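Below, each chain spelled out in residue letters.
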Amino acid sequence: MAFTPLHDRVLVRRVESDEKTKGGLIIPDSAKEKPAEGEIVSVGHGARDEDGKRVEMDVKAGDKILFGKWSGTEITLDGEELLIMKESDILGVIA
């Protein structure tokens with residue numbers, strides 16, 4: 001995939017949730033919420049501060065992240081559904 005986000009944006013692939021509950025019940029697709037967990041596919045070069053200096057990104061490709069339920073913009077690249085969001089929409093990195 002030849003796509004690089006601009007500035008402080010990241011490209012994220014959602015991580016699918018389990019199909020069953022802990023008790024063993026199968027969750028139908030119509031009842032599933034879109035996961036708020038993902039993996040960063042690619043990152044931009046970072047925003048610029050007031051002096052024009054580039055601010056380095058805190059995340060990198062391959063990081064597992066949590067983000068808000070309504071964060072990002074859904075896009076389709078090479079037949080795959082992905083999200084583009086600002087780095088500030090990321091709630092945290094999963095270690």
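Look up: the structure comes first, before these words.
Residues numbered from 1 in each chain as written. Predicted model: local features only at pLDDT ≥ 70, side-chain atom pairs only at ≥ 80, totals over all residues. Heavy atoms only, no water.

Our next topic: the overall build of the chain. Assigned secondary structure in the chain consists of zero helices and six strands. In the chain, the succession of α and β elements from N to C terminus is β-β-β-β-β-β. When the 95 residues of the chain are sorted by exposure, 27% land in the buried category. Considering only residue pairs separated by 6 or more positions, the chain has 62% of its internal contacts joining residues 24 or more positions apart. Of the roughly 6800 Å² of accessible surface on the chain, 51% is carried by carbon and sulfur atoms. (Helix = DSSP H or I, 4+ residues; strand = E, 2+ residues; numbered from the N terminus. Buried < 20%, exposed > 50% of the residue type's maximum accessible area, 1.4 Å probe, protein only. Contact = heavy atoms within 4.5 Å. Areas by Shrake-Rupley, 256 points an atom, 1.4 Å probe, with all protein chains shown as cover.)

A contiguous nonpolar patch, built from Leu-66, Leu-91 and Ile-94 and spanning about 280 Å² of accessible area, is present on the exposed surface. Relative to the helices and strands, Ile-94 resides in strand S6 (residues 90-94). (Patch = residues over 30% accessible without salt bridge, like charges linked within 9 Å, V, L, I, M, F, W, Y side chains within 5 Å. Salt bridge = Lys/Arg side-chain N within 4 Å of Asp/Glu carboxyl O.)

Moving on, we come to the sheet that holds strand S3 (residues 64-67). Strand order in the open sheet formed by six strands is S4-S5-S1-S2-S3-S6, with antiparallel pairing between adjacent strands. Two strands in the sheet have a free side with no partner beyond their single neighbour: strand S4 (73-77) and S6. Ignoring which end each strand starts from, the neighbouring axes of this sheet average 45° apart. Where strand S2 (residues 37-43) lies against S3, three bridges are found, and the strand directions are antiparallel. Paired with Glu-37 across the strands is Leu-66, a residue of S3. (Pairing = 2+ DSSP bridges. Axes fitted to C-alpha atoms, helices over the stretch in contact; angles between N-to-C directions.)

Let's shift gears to the side chain of Asp-63. Structurally, Asp-63 can be placed in the loop between S2 and S3. Look past the residues within four positions of Asp-63 in its chain and what remains in contact with it is Gly-38, Glu-39, Ile-40 and Val-93.

This structure, assessed with the given rule, holds five salt bridges. A salt bridge links Asp-8 to Lys-86; the nearest nitrogen and oxygen atoms lie 3.5 Å apart. In this pair, Asp-8 is assigned in the segment before strand S1 (9-14) and Lys-86 in strand S5 (residues 80-86), connecting sequence segments 78 residues apart. Given a relative accessible area of 35%, Lys-86 falls into the partly exposed group. For Asp-63, the salt bridge identified is with Lys-60, shortest N-O distance 3.0 Å. For Asp-63, a relative accessible area of 11% gives the class buried. Judged by relative accessible area, Lys-60 falls into the exposed class, the value being 53%.

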